[in-house]
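Chain by chain, the residues run as shown.
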There are 2 protein chains.
Amino acid sequence: MALQLPPLTAIRVFEAAARHASFTKAAEELGMTQAAVSYQIKLLEERVGTPLFLRRPRQVVLTETGRRMAPSVSEAFALLSEAYASARSGSAGTLCISTVLTFASNWLARHIGSFQMRHPGIAVRLDTSSHLVDFSREEVDVGIRSGDGKWPGLAAHLLFRAQYTPMLSPKLADSIGGVKEPADLLKLNILDPGDFWWTRWFALANVPPESLEGRPDTSMGSQAYEAAAAIAGQGVAILTRAFFTNEIAEGRLIQPFDLFGDDGQGYWLVYPESRRNAPNIRAFREWILAEMEQTSAGG
Amino acid sequence: MALQLPPLTAIRVFEAAARHASFTKAAEELGMTQAAVSYQIKLLEERVGTPLFLRRPRQVVLTETGRRMAPSVSEAFALLSEAYASARSGSAGTLCISTVLTFASNWLARHIGSFQMRHPGIAVRLDTSSHLVDFSREEVDVGIRSGDGKWPGLAAHLLFRAQYTPMLSPKLADSIGGVKEPADLLKLNILDPGDFWWTRWFALANVPPESLEGRPDTSMGSQAYEAAAAIAGQGVAILTRAFFTNEIAEGRLIQPFDLFGDDGQGYWLVYPESRRNAPNIRAFREWILAEMEQTSAGG
DNA sequence: TGCGACCCATTAAGAGAGCTTATGCATAAT
DNA sequence: ATTATGCATAAGCTCTCTTAATGGGTCGCA
């Protein structure tokens, strides 16, 4: 196929020169010197095989060929720059967030509405697939994942550390006359006792580790489910605090101890470094960091 | 104004890559390496601010933004290459000849039909203005002018030398019993005796120069008119032979002597060197040189 | 599974297109 | 005449773009 295309820079210069009927004016518009315009036009004329301008004393005028060529060229460039501009700005119109399920259900679901209020022009799409998103393979703008914040090529902002601590319903606490010290928890049903977080937390609390052994594993695989069970009074769950500030504030859960486990991980906002300034990404970043600030302050 | 246009080379590459859904294929089409395509696409993606392709294992696929952009871009390029192609070939569609009146009326008028028969696709426009055409100021393809063949920047082909010699109608010659020697001409009416050509020619013929003095100046300013007068038997004209081979062949004029004046000038086909290979110019050049060959051989 | 084929990304180095500066020339305006 | 304007041209340089070589990832085949 290979349609022989004209030298594009020359064509662009021609378009401007034809519009202005002046090399000097075209040079101004294009931000180059008059000499460069002259050079490009000459080049194009050689390629076309016929003059495009007549050099008159203090002006240039299009030849027949030039006149025939100019309108199509202008139209083509209009099309091009429109497509380009719309791609540039249009890229702000959608935001695809790939997030771990935990974060989506425990935090994002309750807060994303605020983002959409502030940026009504941005359509949000959530992708809660569990695999680690590869930005070069999938059409995703930002990701939220847990880890240590070190991913090559990705910018990462810490949202909060994954600090875990036991939580239970006030009613359940009351059923044993209140939870005064960590060992009290052992009187209750432990949700997902196999979770390493329990082991670590009891260690921090100076409770012998063997106390968990032999308990039936009730792992539900998701904090959301364990939280629901805890709220229903079915046991004590060990949860990430930041996800449940709301439940605590509303009294549906209580956090008996100000003691946190911390495995050094955290939840991070990530996106390709190179896209740091994309409008939609910038908007989301600024919003979520502000939101975190506010939440942690309020909680 | 100054719509920010995208980097055009990158856009061209994008267009091809989008069409093929492959960088490698696009590279082949554009005659460059795959690496260059990759580079240009990356460049464009940075400018646009969002990926245009998703890099999948053995293929690339357009992102939403890319899909939105591709059709307009393709259309724009189609427009562009059409305009360019039509300018390229369309430039062969017209041939504007600037020629001195003498040549137009005495030679071209009778022969141009043969050119149009051979190149029916080329519309011929004649411009017989008398001033020396400036190819950079006027929309003229080729010129025919007399001179010494030296014009800077112009290619020049000698059509014929301006050799002049007396001519008259056979009937007029008979009226004085035939023209046997140059001096016999003095018995007849000399058309435009003030023309320097007469002086030169009689000098070549060893006829005293004073013989022309005192004759009324009948200058008509154009060989065509003088030739018409000669054919009508009104006198002897001194004419450029090449223009009247036809009249001689048909017996309407006779050339009594094989003696030619020659002021070193000639008629030349000229055009800008740079346009030597323009299709219309090439066609005309080849035709007129062949025609000259044939005429001088036949005459 | 392991190997080869295919496709894209990346890097460094080199070539060359195209820009700028400076100057010249022609014409129109003053 | 003199000045101002607009384009052409030459030389030199910059920086974009290309090439070449290499690496990584996946699919297909045995």
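**Focus: the side chain of threonine 63 of chain A**
Here is step 1 of the chain: When you line up the elements, threonine 63 of chain A lands in the loop between strand 2 (59–62) and helix 4 (64–90).
Here is step 2 of the chain: Those residues in contact with threonine 63 of chain A that sit more than four places away from it in its chain are Pro51, Leu52, Phe53 and Leu54 of chain A together with Glu139 of chain B.

**Side note on the protein's contact with DNA strand C**
Here is step 1 of the chain: Thr33 and Gln40 of chain A together with Thr24, Ser38 and Arg55 of chain B are the nearest of the 22 residues found near DNA strand C.
Here is step 2 of the chain: Backbone atoms, meaning sugar and phosphate, make up 74% of the atoms of DNA strand C lying within 4 Å of the protein.
Here is step 3 of the chain: Phenylalanine 23 of chain B places a polar main-chain atom, nitrogen or oxygen, 3.0 Å from a phosphate oxygen of DNA strand C.
Here is step 4 of the chain: Counting only elements with at least two residues in the surface near DNA strand C, the list comes to helix 3 (34–48) of chain A together with helix 2 (23–30) and helix 3 (34–48) of chain B.
Here is step 5 of the chain: In terms of residue count, helix 3 of chain A provides more of the surface near DNA strand C than any other element does, 5 residues in total.

**Considering the protein's contact with DNA strand D**
Here is step 1 of the chain: Neighbouring residues of DNA strand D: 21 residues in total, closest Thr24, Ser38, Arg55 and Arg58 of chain A together with Gln40 of chain B.
Here is step 2 of the chain: The sugar-phosphate portion of DNA strand D accounts for 73% of its atoms within 4 Å of the protein, the bases making up the rest.
Here is step 3 of the chain: One of the side-chain nitrogen or oxygen atoms of threonine 24 of chain A is found 2.3 Å away from a phosphate oxygen of DNA strand D.
Here is step 4 of the chain: A distance of 2.5 Å separates a phosphate oxygen of DNA strand D from a polar atom in the side chain of serine 38 of chain A.
Here is step 5 of the chain: Elements supplying a minimum of two residues to the surface near DNA strand D: helix 2 (23–30) and helix 3 of chain A together with helix 3 of chain B.
Here is step 6 of the chain: For the surface near DNA strand D, the element with the highest residue contribution is helix 3 of chain B, accounting for 5 residues.
Here is step 7 of the chain: Residue composition of the surface near DNA strand D, grouped by class: 9 nonpolar, 7 polar and 5 charged.

**Here's the deal with the pairing of strand 8 (residues 261–272) of chain B**
Residues and elements named next belong to chain B.
Here is step 1 of the chain: Pairing analysis gives 5 bridges linking strand 5 (residues 142–147) to strand 8, with the strands arranged antiparallel. Bridging across to strand 8, serine 146 finds its partner in tyrosine 267.
Here is step 2 of the chain: Where strand 6 (residues 154–167) meets strand 8, 9 bridges bridge the pair, whose relative direction is antiparallel. Paired with glutamine 163 across the bridge in strand 8 is aspartate 262.

**A word on the side chain of serine 81 of chain A**
Here is step 1 of the chain: Mapped onto the secondary structure, serine 81 of chain A falls in helix 4.
Here is step 2 of the chain: Overall, the relative accessible area of 9% leaves serine 81 of chain A in the buried class.

Calculation notes
Residues numbered from 1 in each chain as written. Chains lettered and ligands numbered in written order. Predicted model: local features only at pLDDT ≥ 70, side-chain atom pairs only at ≥ 80, totals over all residues. Heavy atoms only, no water. Helix = DSSP H or I, 4+ residues; strand = E, 2+ residues; numbered from the N terminus. Contact = heavy atoms within 4.5 Å. Near = heavy atom within 4 Å. Polar contact = N/O pair within 3.5 Å; in protein donor to acceptor, adjacent residues only side chain to side chain. Nonpolar A, V, L, I, M, F, W, Y, C, P; charged D, E, K, R; others polar. Pairing = 2+ DSSP bridges. Buried < 20%, exposed > 50% of the residue type's maximum accessible area, 1.4 Å probe, protein only.

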